[in-house]
Amino acid sequence: MENLKLKVTGMSCAHCEKNVTNAMEDLGVTVIKVSADEGLVELEHDPAKVAADAIKAEIAEIGYDVA
């Protein structure tokens, strides 16, 4: 398992946090912490199942900017 911490902009509320959480769950990521206030997404993923680039792309796909 690998930890990933991403700076994500464009999230402003609990609904945004839930959108990101749902998208990560759809990718098979199970350990997720999303904070709109801090603009952070922290997660643990198996790189053999889902690559970090795929995670970043999915967050961008749902409308947020990933640094």
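These lines cover the structure that appears in this document, whether it is placed above or below. Remember, it's a predicted structure, so these values are computed and weren't measured experimentally. (Residues numbered from 1 in each chain as written. Predicted model: local features only at pLDDT ≥ 70, side-chain atom pairs only at ≥ 80, totals over all residues. Heavy atoms only, no water.)

Observations concerning the environment of lysine 5
So, point 1. Within the element layout of this structure, lysine 5 appears in strand S1 (residues 2–9).
So, point 2. Classification of lysine 5 by relative accessible area gives exposed; the value is 57%.
So, point 3. Distance from lysine 5 to isoleucine 55, taken between C-alpha atoms, is 11 Å for residues 50 residues apart in sequence. (Helix = DSSP H or I, 4+ residues; strand = E, 2+ residues; numbered from the N terminus. Buried < 20%, exposed > 50% of the residue type's maximum accessible area, 1.4 Å probe, protein only.)

A look at the environment of isoleucine 62
So, point 1. Its location among the elements puts isoleucine 62 in the loop between helix H2 (52–61) and strand S4 (65–66).
So, point 2. For the pair isoleucine 62 and cysteine 16, spaced 46 residues apart in the sequence, the C-alpha separation amounts to 9.7 Å.
So, point 3. Beyond its immediate stretch of four places on either side in the chain, isoleucine 62 contacts Asn19, Val20 and Ala23. (Contact = heavy atoms within 4.5 Å.)

Some details on the sheet that holds S4
So, point 1. One open sheet holds the four strands; their spatial order is S2-S3-S1-S4, and the pairing between them is antiparallel. With one partner strand each, in any of the chains shown, strand S2 (31–35) and S4 form the two edges of the open sheet.
So, point 2. Of the strand pairs in this sheet, S1 and strand S3 (residues 40–45) are connected by six bridges, and their pairing is antiparallel. Bridged to leucine 4 within S3 is leucine 43.
So, point 3. Against the sheet, H2 makes contact with S1, S3 and S4, and its axis sits at roughly 25° relative to S1, the strand it touches most. (Pairing = 2+ DSSP bridges. Axes fitted to C-alpha atoms, helices over the stretch in contact; angles between N-to-C directions.)

Let's talk about the nonpolar core
So, point 1. Ranked by size, the top nonpolar core spans 17 residues in total, and within it Met11, Val20, Met24, Val41, Ile55 and Ile59 carry the most contacts.
So, point 2. Those elements that provide at least two residues to this core are S1, helix H1 (14–26), S3 and H2.
So, point 3. Isoleucine 59 has contacts with Leu6, Val8, Val20, Met24, Val41, Tyr64 and Val66, leaving out every residue within four places of it along the chain. (Core = buried A, V, L, I, M, F, W, Y, C linked by side-chain atoms within 4.5 Å.)

Here's the deal with the pattern of salt bridges
So, point 1. Within the structure shown, the criterion is met by one salt bridge.
So, point 2. For lysine 33, the salt bridge goes to glutamate 42, with nearest N and O atoms at 3.8 Å.
So, point 3. Note on lysine 33: relative accessible area 47%, which makes it partly exposed. (Salt bridge = Lys/Arg side-chain N within 4 Å of Asp/Glu carboxyl O.)

Without other data, these values stay purely geometric and don't point to any function.
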